[in-house]
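Report on the structure
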Amino acid sequence: DVKVTQSSRYLVKRTGEKVFLECVQDMDHENMFWYRQDPGLGLRLIYFSYDVKMKEKGDIPEGYSVSREKKERFSLILESASTNQTSMYLCASSLTQGGDTQYFGPGTRLTVL
Amino acid sequence: SQKIEQNSEALNIQEGKTATLTCNYTNYSPAYLQWYRQDPGRGPVFLLLIRENEKEKRKERLKVTFDTTLKQSLFHITASQPADSATYLCASHASGGSYIPTFGRGTSLIVHP
């Protein structure tokens, strides 16, 4: 069974803080993704990575960066957290290119005060 | 741009009835359509995948259809139960090997006892 884990279920940070969200998958998947999900807006892709050290911008990359130093780990970084980054953050992984099932982590509910 | 749309209004049905959820797509030809279930505060969980050359797929009480003429997928849950209450997301990948899925915003299903 594929497992995707995220470092925290709930996180509260202050405006201006640097925030790290970590995601680990245990099935040797090539692709990893970071989404945020807000009521009425659905899932929005922030960044994705198709290989170690490779990253591509999604639909809403502003204010975020990512790091993929190892295949199993994909980190999302908020350089200077702002209140409009309060959201549910979801990490996902998938096996191959060409479209494949996405396996999601449990999510991190981030609140920026 | 490619678009995938789901009914934003919640679907309320009585236990034992068949629930039918709709996913419409425009401006592209999906290679796959996938359906996910999402419970409140959790990550989506994959349910079923149907390919562009398949008309119908079943898994236990679940059935998915794919109509390329109508540009639509229908997701059915037969003999619905209160435990089926959740938000259901459809997702697709365009033909041509894209591994970036497009997600619908989801439809909430509420099954009343």
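Before any of the text, the structure's been laid out above.
In what follows, the accompanying structure is described. Everything quoted here is computed from the prediction, not taken from an experiment. (Residues numbered from 1 in each chain as written. Chains lettered and ligands numbered in written order. Predicted model: local features only at pLDDT ≥ 70, side-chain atom pairs only at ≥ 80, totals over all residues. Heavy atoms only, no water.)

**Some remarks on the overall build of chain B**
Helices and strands together make up the secondary structure of chain B, namely zero helices and 11 strands. Traced from its N-terminal end to its C-terminal end, chain B shows the element sequence β-β-β-β-β-β-β-β-β-β-β. What you see for chain B is a C-alpha radius of gyration of 14 Å, in line with the 13 Å of a compact globule of 113 residues. Across its three principal axes, chain B shows a C-alpha extent of roughly 45 × 30 × 20 Å. Among the 113 residues that make up chain B, the fraction classed as buried is 45%. Accessible area for chain B stands at about 5,700 Å²; split by element, carbon and sulfur atoms hold 47% of it. Positive and negative side-chain charges in chain B, numbering 13 and 10 respectively, have mean positions lying 2 Å apart. (Helix = DSSP H or I, 4+ residues; strand = E, 2+ residues; numbered from the N terminus. Rg over C-alpha atoms; globule rule 2.2 N^0.38 Å. Buried < 20%, exposed > 50% of the residue type's maximum accessible area, 1.4 Å probe, protein only. Areas by Shrake-Rupley, 256 points an atom, 1.4 Å probe, with all protein chains shown as cover. Lys, Arg positive; Asp, Glu negative; His and termini not counted. Charge placed at Lys NZ, Arg CZ, Asp CG, Glu CD.)

**What about the overall build of chain A?**
A count of helices and strands for chain A gives zero helices and 11 strands. Along chain A, helices (α) and strands (β) appear in the sequence β-β-β-β-β-β-β-β-β-β-β when read from the amino end. Summarising its shape, the C-alpha atoms of chain A cover approximately 40 × 25 × 25 Å along the three principal directions. Looking at chain A residue by residue over its 113 residues, the buried ones come to 48%. A fraction of 55% describes how many contacts in chain A between residues 6 or more apart in sequence connect residues 24 or more apart. Taking the 15 positively charged and 15 negatively charged side chains of chain A as two groups, their mean positions are separated by 7 Å. (Contact = heavy atoms within 4.5 Å.)

**Digging into the interface of chain A and chain B**
Between chain A and chain B, the residue contacts involve 24 residues of the former and 19 residues of the latter. Of the roughly 1,700 Å² buried where chain A meets chain B, counting both sides, 58% is carbon and sulfur surface. On inspection of chain A and its partner chain B, the count reaches zero salt bridges. Counting the contacts that link chain A with chain B gives four residue pairs in polar contact (both at pLDDT 80 or more). At the level of secondary structure, the elements contributing two or more residues to the side of chain A that touches chain B comprise β4 (31–38), β5 (42–49) and β9 (87–94) of chain A. When the residues that make up the side of chain A that touches chain B are grouped by side-chain class, the tally is 11 nonpolar, 11 polar and two charged. (Buried area = accessible area lost by both parts, 1.4 Å probe. Salt bridge = Lys/Arg side-chain N within 4 Å of Asp/Glu carboxyl O. Polar contact = N/O pair within 3.5 Å; in protein donor to acceptor, adjacent residues only side chain to side chain. Nonpolar A, V, L, I, M, F, W, Y, C, P; charged D, E, K, R; others polar.)

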